[in-house]
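The chain contents come next:
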Amino acid sequence: MRTTFTLDDDAAALAQNYAKARSLRLGKAVSELIRRASTPPVGLKKKGGLWVIAAPPGAPKMTSQQVKDMIDDLP
């Protein structure tokens, strides 16, 4: 669909940077940004007394060792 609309200067710059970084046309970049903004944020859920972040579909699983290594790397 073709349409014309006006963006604030800062929003236009962000969309242009997004498009350039991904080698997309501006319209495609704006479409992707709108879809991303329309997607509900990753939610928290309580599991076994702990709050966990629900991973998006297809996200790789982490082992307990990977989690321990990440904790060890914290400042």
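Look a little higher up for the structure.
Residues numbered from 1 in each chain as written. Predicted model: local features only at pLDDT ≥ 70, side-chain atom pairs only at ≥ 80, totals over all residues. Heavy atoms only, no water.

> Lay out the overall build of the protein chain with the relevant residues and their values.
Scanning the protein chain from terminus to terminus reveals 3 helices and 2 strands. The C-alpha radius of gyration computed for the protein chain amounts to 19 Å, which surpasses the reference 11 Å derived for 75 residues by more than 25%, pointing to a less compact arrangement than a globule. In terms of its C-alpha atoms, the protein chain occupies a principal-axis envelope of roughly 50 × 25 × 20 Å. Of the roughly 7200 Å² of accessible surface on the protein chain, a fraction of 58% belongs to carbon and sulfur atoms. (Helix = DSSP H or I, 4+ residues; strand = E, 2+ residues; numbered from the N terminus. Rg over C-alpha atoms; globule rule 2.2 N^0.38 Å. Areas by Shrake-Rupley, 256 points an atom, 1.4 Å probe, with all protein chains shown as cover.)

> Residue-level account of the packing of helix H1 (residues 9–21) against helix H2 (residues 26–38), with values.
Viewed as axis vectors pointing N to C, H1 and H2 meet at an angle of 105 degrees, and their least axial separation amounts to 9 Å. If you check the angle between H1 and H2, you find them roughly perpendicular. Side by side, H1 and H2 meet where Ala15, Gln16, Tyr18 and Ala19 of the first sit next to Leu26, Ala29, Val30, Glu32, Leu33 and Arg36 of the second. When the residues that make up the contact of H1 with H2 are grouped by side-chain class, the tally is 7 nonpolar, 1 polar and 2 charged. (Axes fitted to C-alpha atoms, helices over the stretch in contact; angles between N-to-C directions. Parallel < 35°, antiparallel > 145°, perpendicular 65-115°, else oblique. Contact = heavy atoms within 4.5 Å. Nonpolar A, V, L, I, M, F, W, Y, C, P; charged D, E, K, R; others polar.)

> Requested: an account of the pairing of strand E2 (residues 50–53), with residues and values cited.
Bridge count between strand E1 (residues 44–47) and E2: 4 bridges; the pairing is antiparallel. Bridge assignment links Leu44 to a residue of E2, and that residue is Ile53. Joining the antiparallel neighbours E1 and E2 is a turn of 2 residues, in which Gly48 adopts a positive phi near 60 degrees. (Pairing = 2+ DSSP bridges.)

> Outline the environment of Asp9, supporting the account with residue identities and numerical values.
With respect to the helices and strands, Asp9 occurs in helix H1. Exposure remark for Asp9: the relative accessible area of 70% places this residue in the exposed category. Counting along the chain gives 16 residues from Asp9 to Arg25, while the straight-line C-alpha distance between them is 18 Å. (Buried < 20%, exposed > 50% of the residue type's maximum accessible area, 1.4 Å probe, protein only.)

> I'd like a rundown of the layout of surface pockets, residues and numbers included.
Considered as a void within the structure, the largest pocket measures approximately 370 Å³ in volume. In terms of lining residues, the largest pocket is bounded by Met1, Arg2, Thr3, Thr4, Phe5, Leu7, Arg25, Leu26, Gly27, Val30, Ser31 and Ile34. Residue composition of the lining of the largest pocket, grouped by class: 6 nonpolar, 4 polar and 2 charged. (1 Å grid on protein atoms, 1.4 Å probe; cavity = no way out; pocket = protein on both sides within 12 Å on 5 of 7 lines; lining within 4 Å. Points joined across faces, edges and corners; volume = space filled by probe spheres on them.)

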